[in-house]
Protein chains: 4
Amino acid sequence: MDARTDVQARIYRLSMMHPGDLSELSSLLEGGTLTAHEIVAVIGKTEGNGGINDFTRGYFTDRLMNLLARYLNKTPEEIARDVPCIMSGGTEGVLSPHYSVLCRVAEKSALSQSDSALAIGAKCSADMPFEHVGTVTHAMMVAQTVRDAMKDAGITDPADLHLVQVKAPCLTSDRIEVLRAAGKPVLAPNASASMARARAAGALGVAIATGEIDAADLSDDVFLRNFDLFSGCASISSGVEVLCNEVIVMGVSNAWSGPLRIAHRAMADAIDISSVHGVFSDLGFSPDLQVGPGERARLKAIFVKCEPDQSGHIHGARHTMLNDTDIDPQRHIRGAVGGLVAGVSGDTRIFVSGGAEHQGPFGGGLIAVIAEAAANQRQEGID
Amino acid sequence: MDARTDVQARIYRLSMMHPGDLSELSSLLEGGTLTAHEIVAVIGKTEGNGGINDFTRGYFTDRLMNLLARYLNKTPEEIARDVPCIMSGGTEGVLSPHYSVLCRVAEKSALSQSDSALAIGAKCSADMPFEHVGTVTHAMMVAQTVRDAMKDAGITDPADLHLVQVKAPCLTSDRIEVLRAAGKPVLAPNASASMARARAAGALGVAIATGEIDAADLSDDVFLRNFDLFSGCASISSGVEVLCNEVIVMGVSNAWSGPLRIAHRAMADAIDISSVHGVFSDLGFSPDLQVGPGERARLKAIFVKCEPDQSGHIHGARHTMLNDTDIDPQRHIRGAVGGLVAGVSGDTRIFVSGGAEHQGPFGGGLIAVIAEAAANQRQEGID
Amino acid sequence: MDARTDVQARIYRLSMMHPGDLSELSSLLEGGTLTAHEIVAVIGKTEGNGGINDFTRGYFTDRLMNLLARYLNKTPEEIARDVPCIMSGGTEGVLSPHYSVLCRVAEKSALSQSDSALAIGAKCSADMPFEHVGTVTHAMMVAQTVRDAMKDAGITDPADLHLVQVKAPCLTSDRIEVLRAAGKPVLAPNASASMARARAAGALGVAIATGEIDAADLSDDVFLRNFDLFSGCASISSGVEVLCNEVIVMGVSNAWSGPLRIAHRAMADAIDISSVHGVFSDLGFSPDLQVGPGERARLKAIFVKCEPDQSGHIHGARHTMLNDTDIDPQRHIRGAVGGLVAGVSGDTRIFVSGGAEHQGPFGGGLIAVIAEAAANQRQEGID
Amino acid sequence: MDARTDVQARIYRLSMMHPGDLSELSSLLEGGTLTAHEIVAVIGKTEGNGGINDFTRGYFTDRLMNLLARYLNKTPEEIARDVPCIMSGGTEGVLSPHYSVLCRVAEKSALSQSDSALAIGAKCSADMPFEHVGTVTHAMMVAQTVRDAMKDAGITDPADLHLVQVKAPCLTSDRIEVLRAAGKPVLAPNASASMARARAAGALGVAIATGEIDAADLSDDVFLRNFDLFSGCASISSGVEVLCNEVIVMGVSNAWSGPLRIAHRAMADAIDISSVHGVFSDLGFSPDLQVGPGERARLKAIFVKCEPDQSGHIHGARHTMLNDTDIDPQRHIRGAVGGLVAGVSGDTRIFVSGGAEHQGPFGGGLIAVIAEAAANQRQEGID
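Here the structure is a predicted model, which is why all the values come from computation and not from measurement.

Describing the overall build of chain A
Okay, so step 1: Assigned secondary structure in chain A consists of 10 helices and 15 strands.
Okay, so step 2: Taken over C-alpha atoms, the radius of gyration comes to 20 Å for chain A, in line with the 21 Å a tight globule of 383 residues would show.
Okay, so step 3: With the principal axes as the frame, chain A shows a C-alpha extent of 60 × 50 × 45 Å.
Okay, so step 4: Of all 383 residues assigned to chain A, the portion counted as buried reaches 66%.
Okay, so step 5: Within chain A, contacts between residues at least 6 apart in sequence are counted, and of these 81% link residues at least 24 apart.
Okay, so step 6: Carbon and sulfur atoms make up 48% of the accessible area of chain A, which totals about 12400 Å².

Pasting the structure below:
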C-alpha cells in the first residue's frame with residue numbers, strides 16, 4: 001500500500017441466521033453502503049463443531065465468494081486468492097454466529113492522520129504441499145506472508161501489530177493416505193493432530209516475522225513442546241477448507257486515519273478476567289464491569305484465542321477438558337472463555353478460537369478488541 | 001432442630017479425581033476432622049454429561065453411602081434416606097469436579113449467636129410414584145419437604161432462605177413404557193423432557209413453600225409455560241438416580257452461630273456479570289474484578305443455576321444452544337456461565353447446574369455463595 | 001408425463017469428498033454423459049449430524065443448484081423448485097457420503113416397453129406456512145404433492161409405487177418464537193420434536209395418497225401416537241433447509257422401459273436381516289450372504305428407513321438409544337442399520353435415514369433397492 | 001489348574017438396567033444357582049462412551065467386587081486381583097448392556113471328557129508402572145500373563161486358544177503430567193492415543209504368547225505401524241480403571257467337559273458378513289440368515305473386535321469415521337458392526353469392542369462365539 005493520508009479502515013460486524021446466510025452483507029453491497037472492492041478480508045464464527053468435519057466454514061466461504069463475484073470482475077476462485085476469509089467454527093455457549101467485514105476506504109475525513117488509527121492488510125501464500133503442514137517450512141512460509149501483509153497494511157514496525165490472524169491448511173485421513181503412499185513424512189498421526197501442528201506452525205511463523213523468536217531457534221522438535229516460544233499477537237486457525245496460508249494483519253500505522261482503534265492483551269489463563277477487562281480500558285471504555293448498552297455501539301470486533309490448559313489444572317483445580325471423549329477440548333474452552341468475555345463486553349458476537357498453541361502464554365491466550373475511539377479521544381485526534 | 005446456641009454449620013469443599021473417588025472425605029473421617037453423624041448433606045459436580053445416561057452421579061452416591069456406612073450404624077440405603085446427596089453432572093469448560101460436605105456441629109464458640117450465620121437443613125420426601133413426575137402433585141410434595149427441611153434448619157421465615165437445592169426423580173424410556181402399559185398419563189414424551197418438567201415441579205414447589213407463588217395459581221398448564229411464576233432461591237436438579245425428592249435448605253437463622261455467611265442474587269441473563277460480582281460484594285469481598293488468592297480461602301461453596309435463553313437470543317444476538325444435535329443445551333450453558341463465574345471467583349470448583357426453568361428470571365438464573373465472614377465482619381459478630 | 005414408449009430412468013450414484021463436492025456430477029455434465037435437463041431429482045447422504053444444525057444438506061443443495069444453473073436457463077432458485085434435492089445428513093459407521101442423480105431420458109432402446117421398468121417422478125409443493133408443520137394440513141398437502149408426482153411419473157396405480165421419498169420443512173427455535181409471538185399454535189416444543197412431527201405428517205400424507213389409510217382417520221392426535229397408521233413405502237426426512245414439501249416417487253410403469261428395476265420390503269425391526277436379504281432376492285441377485293463384486297455393479301441405489309425402537313427393546317433386550325444425551329438416537333440407529341445393510345449389499349453407499357415414524361411397521365422401517373435387471377431378466381424383458 | 005476329568009465351564013449372560021445394576025447376579029448367588037468361588041472372570045458391556053472418561057466400567061466393577069465380597073472371605077480389592085472383570089464401554093446402536101459371568105464348576109456329568117469342551121482361565125499381572133504403557137515391556141508383561149492364564153485353563157497348545165481377552169491400563173492427562181515431571185518418556189501425546197498404544201501392546205503380547213509373532217521382531221517402532229504383526233485371537237481393551245493387565249483365555253482342552261463349545265473367525269473388514277455367519281456354522285447352527293428364537297437359547301456369549309479402517313475406505317468407498325469431531329471413531333465402528341452381528345445372531349447382547357489394532361487383519365477384526373453344543377453334537381460327545 002502506498003502511503004496515503006486519507007485511507008481508513010472500516011469494519012462491518014454482521015449476523016447470520018445460518019452458515020450460508022450472507023443476506024446482511026448482500027444488503028450493504030446492494031444499498032451501496034460499501035463497495036466490494038473495499039473489502040480486504042472477512043473474519044467470523046460459524047456454528048459448526050470447529051473440527052475437521054466442520055463444513056460450515058467452507059459453506060460460508062463459498063457463498064461469500066459467489067456473492068462478491070457478482071460485484072467484482074473476477075471468478076470466485078480468483079477472489080478467494082485476494083480476499084482472505086478466515087472463519088472459525090464453533091459458537092459454543094452464549095457465542096453468536098457472525099462475521100466481520102474488514103474494509104479499506106479512501107475518503108476525505110475531518111480526522112487528520114494519526115499514529116493510533118487501525119491499519120489492516122491481508123495476503124494469501126501460495127498453495128502449500130501437504131507434506132509441509134506443521135513443519136519449519138510451514139512456519140517460514142507463514143512468516144513471509146505476514147511480512148507481505150504488513151507491507152499491504154503499511155505497517156513497518158512489528159511493535160505496531162496487535163493481531164495477526166492466520167488460517168492454515170491441515171491434513172485429513174485422505175491426505176495422510178496420499179502422503180504415506182508417496183513415502184512422504186507425516187508428522188501428525190491423524191487429522192486432529194495435524195490441525196494442532198498447523199496452528200503451531202502458524203504461530204511460530206508469526207513470531208519469526210515479528211521478531212519475537214529467532215528463526216535459528218526453530219526446529220520441528222519445538223512444535224507443541226517448547227511453549228516458551230510464542231507470539232503475543234498471533235491467532236491461528238486451521239481447517240480443511242484452505243490450501244494456502246491466509247494472513248490478516250491488524251495494527252496501527254500513521255498511514256491510516258479514521259476513528260477505529262485496536263488494543264490487545266495476553267491472557268495468563270482461561271479465567272484471566274483482568275486482561276479481558278483491561279483491553280477495554282486500553283480503548284477508553286468506562287470501568288464498569290460490563291460494557292453498557294451505550295458504549296456497546298463503539299465495539300467493532302472482539303478476537304480471543306484460548307486453550308484448555310495442558311497441565312490439566314486451572315488455579316490448582318483439575319479440569320476435565322483433556323479427557324473427554326464426547327466433547328472436543330476446543331469446544332469446551334471456547335464455550336467457557338466465550339462466557340467470560342461476553343460477561344465483560346456485554347456482547348456475544350465474539351470471535352473465540354481454541355487451539356492457542358504458541359499463541360500467548362502457555363495455558364492462556366490473548367484478546368484483541370477493535371472499537372471506535374471514544375468521543376473525547378476522537379477530539380484529541382483532531383487537534 | 002431445637003434452638004441451640006452453639007450449633008454451627010461447616011462446609012468441606014473437596015476434590016475428586018474421578019466420580020468414585022471419595023478419598024479426601026475418607027481421610028477427613030479417618031483423621032477425625034469431622035465425624036460422620038455431623039454430615040447433613042452433600043452437594044457436588046461430577047464429570048458426566050448431566051443427562052439421563054449420566055451414571056457418575058449414582059456412582060459417587062453409591063460410594064459415599066458405602067463410606068458413611070462404615071462409620072454410622074446403618075445400611076447405605078438407610079443413610080441415603082437421611083443424608084441427601086445431590087450431585088449434578090457436567091463439568092464443562094473450566095469447571096472442576098468436587099463436592100461440598102455440609103455439616104452441623106455442636107461446639108463452644110467464641111462467636112455469639114448471630115442472625116447472620118449460615119443455617120442448613122435437609123429432608124427427603126417419600127418415594128414418588130412415577131406418574132406424578134412433573135405434575136402439581138409433584139410440586140406440592142416438594143413444597144411440604146421444603147417446609148420440613150426449614151424446620152430441620154430452624155428457619156421459620158422464608159425471607160431467611162438463600163438457596164433451596166432439590167433433586168427430583170425423572171422418567172426414563174423404561175418408566176414411560178411401564179406408565180403407558182398401565183394406562184397412566186405421561187406428561188413428558190421422553191426422558192429428557194421429563195427432567196425439565198421435574199425441575200419445573202421442584203421450582204414451583206419451592207416457590208409455594210416460600211410464598212413466592214400461591215398454590216391456587218398452580219396447574220399443570222403453567223409448567224414450562226408461565227415463567228412469570230418462579231422462585232428466586234430454588235435450584236433444582238433431576239436425575240434417574242433418585243426415587244424421592246431430596247431437599248437441602250440454606251439460609252440464616254439466629255439459632256446458628258459460627259463464621260459462615262451466605263448471600264444470593266438473581267441473574268438477569270447468562271452474562272449478568274454484575275450479579276455475579278455483586279454477590280461477592282454482599283459477602284464483604286474486596287471490589288477487585290477477581291477474588292484474589294488471599295481472599296479465596298474464605299470461599300466455601302458457589303452455587304449457580306442457569307438456562308439457555310429460550311428466546312434464542314442474548315442481548316439481541318442469536319445463540320445456537322437450542323438447535324444443537326451434538327451438544328446438549330444444558331452442557332452449553334453450564335460451560336459458558338461456569339467460565340464467567342470462575343473469572344469473577346478465581347475458583348473453578350463451582351456447582352453450576354443447567355435447567356433453571358422457574359428458577360430465577362426467565363433466561364437467567366441465580367447465584368448463591370457461602371463464605372467465611374471477613375475478619376472485620378467476624379469481629380462485629382462478637383461484639 | 002405423457003405416456004411415451006421410449007422413456008427410461010437412469011441413475012448415477014456418485015461419491016463426494018465433502019458436502020460441497022459436486023465434481024463427479026460436474027464431470028458427467030461437462031463430458032456430456034448426461035444433460036442437465038434430464039435430471040429429475042437428487043437424493044443423497046451428507047456427512048453432517050442429520051439434526052437441526054446440520055448445514056451439510058444446505059451446502060450440497062446450494063452447490064448443486066449453482067452447478068445446474070450453468071447448464072439450464074434458470075436461476076438456482078428456480079431450479080430448486082423443479083428438481084427436488086433430498087439430502088439426508090449422517091453417515092455414521094461404515095456409511096459413505098454419496099448422491100444419486102435420478103434421470104429421465106428419452107431414447108431408442110432395444111428393450112421393449114415393460115411393466116417392470118423403473119418409473120420416477122418428482123414435485124415440490126408450494127411453500128408451507130410454519131404453523132402447519134406436523135399437522136393434518138401438512139399431511140393433506142403432502143398427499144396432493146404425491147399425487148402430482150405420481151402423475152409426473154406416469155404411475156396411476158398406488159400398488160405400483162415402491163418408494164415415496166419426501167423432504168418436509170421443520171421448525172427452529174427462531175420459527176417457534178415467531179409463531180408464538182403471532183399467537184399461533186406450536187405443536188412441537190422444540191426444533192427436534194418438530195422434525196419428528198413433520199416426518200409423521202409426510203408419512204401419513206403418503207399413506208393417504210396410496211390409500212393405505214383413509215383421510216377420515218386422520219387427526220392431529222394420531223401423529224406419533226397411533227403407529228398402526230403407516231405407509232409401507234414412505235421415506236420421510238425433515239430439515240431446516242426446505243420451505244416446501246419435496247416429493248420423489250419411484251415405482252414401476254408400463255410407460256417406461258429400460259434395464260432398471262426396483263423392489264422394496266418392510267423391515268420388522270432394526271435387525272431384520274431377512275427382509276434386507278430378501279429385497280436383493282426380489283431383484284434376482286444370487287443367494288450369497290453378501291452381494292459379490294461381480295453383481296455389485298448392478299446396484300444403482302439402496303434406500304433404508306429405520307427407527308430406534310420406541311419400546312426401548314429389540315428382541316427382548318434393552319437398547320440405550322433413547323436415553324443418550326451424547327449421541328442422538330437417529331445417529332445411533334443409522335449407524336447400526338447401515339452396518340447390517342452394508343454387510344448384505346457389500347456396498348456402503350446406502351441412503352439410511354432415521355426417524356421412521358409411521359413409515360413401515362413400528363420399531364422397524366423399510367428397504368428399497370434399485371438395480372439393473374440381471375442378464376436373464378433383461379432378456380425376458382425383450383421377449 | 002490341575003487336570004481334572006469333571007471340570008466344566010459355565011457362562012451366565014446377564015442384563016443390567018444401569019451400570020451399577022448387579023441384581024441378576026445377586027439373585028443367582030442368593031438362590032444358590034452359582035457360588036461366588038466358581039466365578040473365574042466377568043466380561044461385559046456398559047452403556048458409557050468407551051473412552052477415557054467412561055466411568056461406567058469402574059462403577060460396575062466396584063459394585064461387582066462389593067457384591068462378591070459378601071460371599072467370599074476377602075476384601076473387594078483382593079477379589080479384584082483374583083477375578084478379572086473386563087468391561088468395555090459403549091453400547092451404540094442396537095447393542096444391549098450385559099455381562100457374562102464365566103464360571104468353572106466341578107461336577108459329575110453324563111458327558112465324558114472331550115477335546116472340544118470350552119476351557120477358561122484368568123490371571124492379572126502385577127501393577128504396571130505407567131511409563132511402560134504401550135511399550136515392548138508392556139507387551140512382554142502381557143505375554144507372560146497369557147502364559148499364566150493358559151496354565152490356569154489347562155491349555156498347553158496355543159492352537160487350542162480361541163480368544164484371549166485383555167484389559168490393559170492407559171495414561172490420563174494427570175498420569176502424563178506425572179511422567180513428564182519425572183523426566184520419563186511418554187510415547188503417547190494424550191490419553192486417547194495411549195489407549196491405542198496399550199491395545200497394541202496387549203495384542204502383540206498375546207501374539208508372542210501364541211507364537212504368532214516372534215519376540216525378536218518386536219520394537220516400539222512396530223506399534224500401530226506394522227499391522228502385518230497381529231494375533232488372530234486377541235481382543236484388547238484399555239481403560240483408566242485398571243492398574244494391572246487382566247487376562248482371560250478361552251479355548252478348548254481335554255481337561256474340561258460339558259456342553260459349551262467355542263469358535264472364532266477373523267473378520268476381513270467391518271462388513272464381513274461371511275465370517276460372522278461362518279462362526280455360527282462352525283458351532284453347528286442352522287444355515288438360516290439369522291439365528292432363530294429356538295436356537296438362540298444355545299448362545300452363551302458373542303465377542304467381536306473391530307476397527308474403523310485406517311485407510312478411510314471400505315470396499316472402495318470413503319467412510320467418515322476417522323475425521324469426526326463429534327463422535328469418536330470407536331463409537332462409530334462398534335455401532336455399525338454391532339448392527340451387522342445382531343442381524344446374524346438375532347441377539348443384541350454382544351460384546352463389541354473397538355480398537356482392533358494388531359487384533360485380526362488390518363481394517364478388520366475377529367468374532368468369537370460360545371454356545372452350547374447342538375443336541376446331536378452333544379450326543380456325539382457321549383459316544
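Read on for the rest.
Considerations on the relation of the copies chain D and chain C
Okay, so step 1: With an RMSD of 0.0 Å, chain D superimposes on chain C once it is rotated by 180° and translated 0.0 Å along the axis. Considering both components of the superposition, the chain copies are consistent with a two-fold axis.
Okay, so step 2: When the interface residues of chain D are mapped onto chain C, 100% of them again lie at the interface, so the same face is used by both copies.

Considering the environment of G50 of chain A
Okay, so step 1: The topology assignment puts G50 of chain A in the loop between β2 (39–46) and α2 (56–69).
Okay, so step 2: Once the C-alpha coordinates of G50 of chain A and G239 of chain A are considered, the two residues, 189 residues apart in sequence, prove to be 8.4 Å apart.

Looking at the relation of the copies chain B and chain A
Okay, so step 1: Mapping chain B onto chain A calls for a rotation angle of 180° and an axial translation of 0.0 Å; the resulting RMSD is 0.0 Å.
Okay, so step 2: Mapped onto chain A, 100% of the interface residues of chain B again fall at the interface, so both copies present the same surface.

Regarding the sheet that holds strand β2 (residues 39–46) of chain D
Residue and element names in this part refer to chain D.
Okay, so step 1: With mixed pairing, five strands are arranged side by side in an open sheet as β3-β2-β4-β1-β9. Among the strands making up the open sheet, the edge pair consists of β3 (85–89) and β9 (256–257).
Okay, so step 2: Sheet analysis places strand β1 (residues 7–15) next to strand β4 (residues 98–106), joined by nine bridges and oriented antiparallel. Along β4, the bridge assignment pairs A9 with R104.
Okay, so step 3: In the packing of helix α2 (residues 56–69) onto the sheet, contacts are made with β2, β3 and β4, and the angle to β3 comes to roughly 150°.

Section: the pattern of salt bridges
Okay, so step 1: The tally for this structure, following the rule as stated, stands at 68 salt bridges over all chains.
Okay, so step 2: For the salt bridge of K167 of chain B with E241 of chain B, the shortest nitrogen-to-oxygen distance reads 2.7 Å. With K167 of chain B in strand β6 (residues 161–169) and E241 of chain B in the loop between β7 (234–239) and β8 (244–252), the pair connects residues that are 74 residues apart, well separated along the chain.
Okay, so step 3: Within this structure, E92, R331 and R334 of chain A together with D326 of chain D form a network of salt bridges that share partners.

Here we look at the side chain of D272 of chain B
Residue and element names in this part refer to chain B.
Okay, so step 1: Within the secondary structure, D272 sits in the loop between β10 (260–267) and α7 (273–282).
Okay, so step 2: We note that D272 is buried and unpaired, the nearest opposite charge coming from R265 at a distance of 7.6 Å.
Okay, so step 3: Polar side-chain contacts of D272 include one of 2.6 Å to the side chain of S275.
Okay, so step 4: With near-sequence residues (within four places) excluded, D272 lies in contact with A266, M267 and L340.

Re the interface of chain B and chain A
Okay, so step 1: Residue-level contacts link 43 residues of chain B with 43 residues of chain A.
Okay, so step 2: Both sides together, the interface formed by chain B and chain A hides about 3200 Å², and carbon and sulfur atoms give 61% of it.
Okay, so step 3: It is I271, L289 and R318 of chain B that lose the most area in chain B upon contact with chain A, and together they represent 21% of the buried surface on that side.
Okay, so step 4: Our enumeration of links across chain B and chain A arrives at two salt bridges.
Okay, so step 5: R318 of chain A is the salt-bridge partner of E47 of chain B, the closest N and O atoms lying 2.5 Å from each other.
Okay, so step 6: Of all the elements in the fold, those that place two or more residues in the side of chain B that touches chain A are α7, β13 (317–318) and α9 (329–345) of chain B.
Okay, so step 7: When residues of the side of chain B that touches chain A are assigned to their parent elements, the largest contribution, 10 residues, is made by α9 of chain B.
Okay, so step 8: Residues of the side of chain B that touches chain A, tallied by class, amount to 18 nonpolar, 16 polar and nine charged.

Thoughts on the interface of chain D and chain C
Okay, so step 1: On the side of chain C, 43 residues touch chain D, which itself brings 42 residues to the contact.
Okay, so step 2: Regarding the contact of chain D and chain C, the summed buried area is about 3200 Å², with carbon and sulfur atoms giving 61% of it.
Okay, so step 3: Among the residues chain D hides against chain C, the three largest losses belong to I271, L289 and R318 of chain D. Together they make up 21% of the total.
Okay, so step 4: Applying the counting criterion to the chain D and chain C interface returns two salt bridges.
Okay, so step 5: The tally of links between chain D and chain C comes to 18 residue pairs in polar contact (both at pLDDT 80 or more).

What to know about the confidence of the model for chain A
All names here are of chain A.
Okay, so step 1: The share of residues in chain A with pLDDT of 70 or more is 94%, and the mean pLDDT across the chain is 92.
Okay, so step 2: In this model residues 379–383 is a low-confidence stretch, pLDDT under 50, and it forms four contacts with partners more than four residues away in sequence or in other chains.
Okay, so step 3: With pTM at 0.94, the complex prediction returns an ipTM value of 0.94.

Observations concerning the packing of aromatic side chains
Okay, so step 1: Following the criterion strictly, the structure yields 18 aromatic pairs over all chains and no others.
Okay, so step 2: Ring centres 5.6 Å apart and planes at 85° place the aromatic pair F280 of chain B and F285 of chain B in the edge-to-face group.
Okay, so step 3: Note on F280 of chain B: relative accessible area 3%, which makes it buried.
Okay, so step 4: A residue is classified by how much of its surface remains accessible, and F285 of chain B, at 5% relative accessible area, is buried.
Okay, so step 5: An angle of 25° between the planes, with centres 4.9 Å apart, marks the rings of F227 of chain C and F362 of chain C as stacked. Taken together, the positions of F227 of chain C in the loop between α6 (191–210) and β7 (234–239) and F362 of chain C in the loop between β14 (351–353) and β15 (365–372) put the pair 135 residues apart, joining distant regions of the chain.
Okay, so step 6: The exposure class assigned to F362 of chain C is partly exposed, which follows from its relative accessible area of 41%.
Okay, so step 7: If you follow K45 of chain A out to its NZ or CZ, it ends over the ring of F351 of chain A, 5.8 Å from the centre.

A few points about the sheet that holds strand β14 (residues 351–353) of chain B
Residue and element names in this part refer to chain B.
Okay, so step 1: One open sheet holds the four strands; their spatial order is β10-β15-β11-β14, and the pairing between them is mixed. Of all strands in the sheet, those with a lone pairing partner are β10 and β14, marking the two edges. Strand-to-strand twist of the sheet, defined as the mean angle between neighbouring strand axes without regard to direction, takes the value 10°.
Okay, so step 2: As judged from the three bridges shared by strand β11 (residues 299–305) and β14, these two strands associate in the parallel manner. Its bridge partner being in β14, V304 is matched across the sheet by V352.
Okay, so step 3: With respect to the sheet, α9 is in contact with β10, β11, β14 and β15 (365–372), its orientation differing from that of β11 by roughly 145°.

What to know about the environment of T35 of chain D
Okay, so step 1: As for its position among the elements, T35 of chain D is in the loop between α1 (23–31) and β2.
Okay, so step 2: Taking the C-alpha atoms as reference, T35 of chain D lies 19 Å from D62 of chain D; in sequence the two are 27 residues apart.

Reading guide: rules and limits
Chains are numbered independently. Their residues run from 1 in the order of the written sequence. Chains carry letters from A onward and ligands carry numbers from 1 onward, assigned in written order. pLDDT decides what is reported in this predicted model: residues at 70 or higher carry local features, side-chain atom pairs at 80 or more are listed and counted, and totals for whole chains, interfaces and linings draw on all residues regardless. The basis for the side-chain values is all heavy atoms of the structure; hydrogens and waters are excluded. Working definition: helices are DSSP H or I runs of at least four residues, strands are E runs of at least two. Numbering for both runs from the N terminus. Two things to know: the radius of gyration comes from C-alpha atoms, and the globule rule equals 2.2 Å times the number of residues to the power 0.38. For every residue, the accessible area obtained with a 1.4 Å probe (protein chains only) is divided by the maximum for its type, and the residue is called buried under 20%, exposed over 50%, and partly exposed between those limits. By the convention used here, residues are in contact when the closest approach between their heavy atoms is within 4.5 Å. For the area figures, the Shrake-Rupley method with a 1.4 Å probe applies, and any residue is considered shielded solely by the protein chains shown. Least squares is the method for superposing the copies, and the C-alpha atoms it fits come from residues with pLDDT of at least 70 in both. Two strands make a pair as long as DSSP finds a minimum of two bridges between them. Note on method: axes are straight lines fitted to C-alpha atoms, helices fitted across the in-contact stretch only, with angles between N-to-C directions ranging 0 to 180 degrees. One speaks of a salt bridge when a side-chain nitrogen belonging to Lys or Arg is within 4 Å of a carboxyl oxygen belonging to Asp or Glu. Working convention for charge: Lys and Arg count positive, Asp and Glu count negative, and His plus the chain ends are omitted. Side-chain atoms alone can form a polar contact between residues adjacent in sequence; in general such a contact is a pair of N or O atoms within 3.5 Å, and within protein one must be able to donate a hydrogen while the other accepts it. Each of two parts loses accessible area, computed with a 1.4 Å probe, when they are put together; buried area is these two losses added. The classification used treats Ala, Val, Leu, Ile, Met, Phe, Trp, Tyr, Cys and Pro as nonpolar, Asp, Glu, Lys and Arg as charged, and all other residues, Gly among them, as polar. A score from 0 to 100, pLDDT tells how confident the predictor is in each residue. Each Phe, Tyr or Trp ring, with Trp reduced to its six-membered ring, pairs with another whose centre is within 6.5 Å; inter-plane angles below 30 degrees give stacked pairs, above 60 give edge-to-face pairs, and intermediate values give tilted ones. The rule is short: NZ of Lys or CZ of Arg within 6 Å of the ring centre and within 35 degrees of the ring normal puts a charge over the ring.

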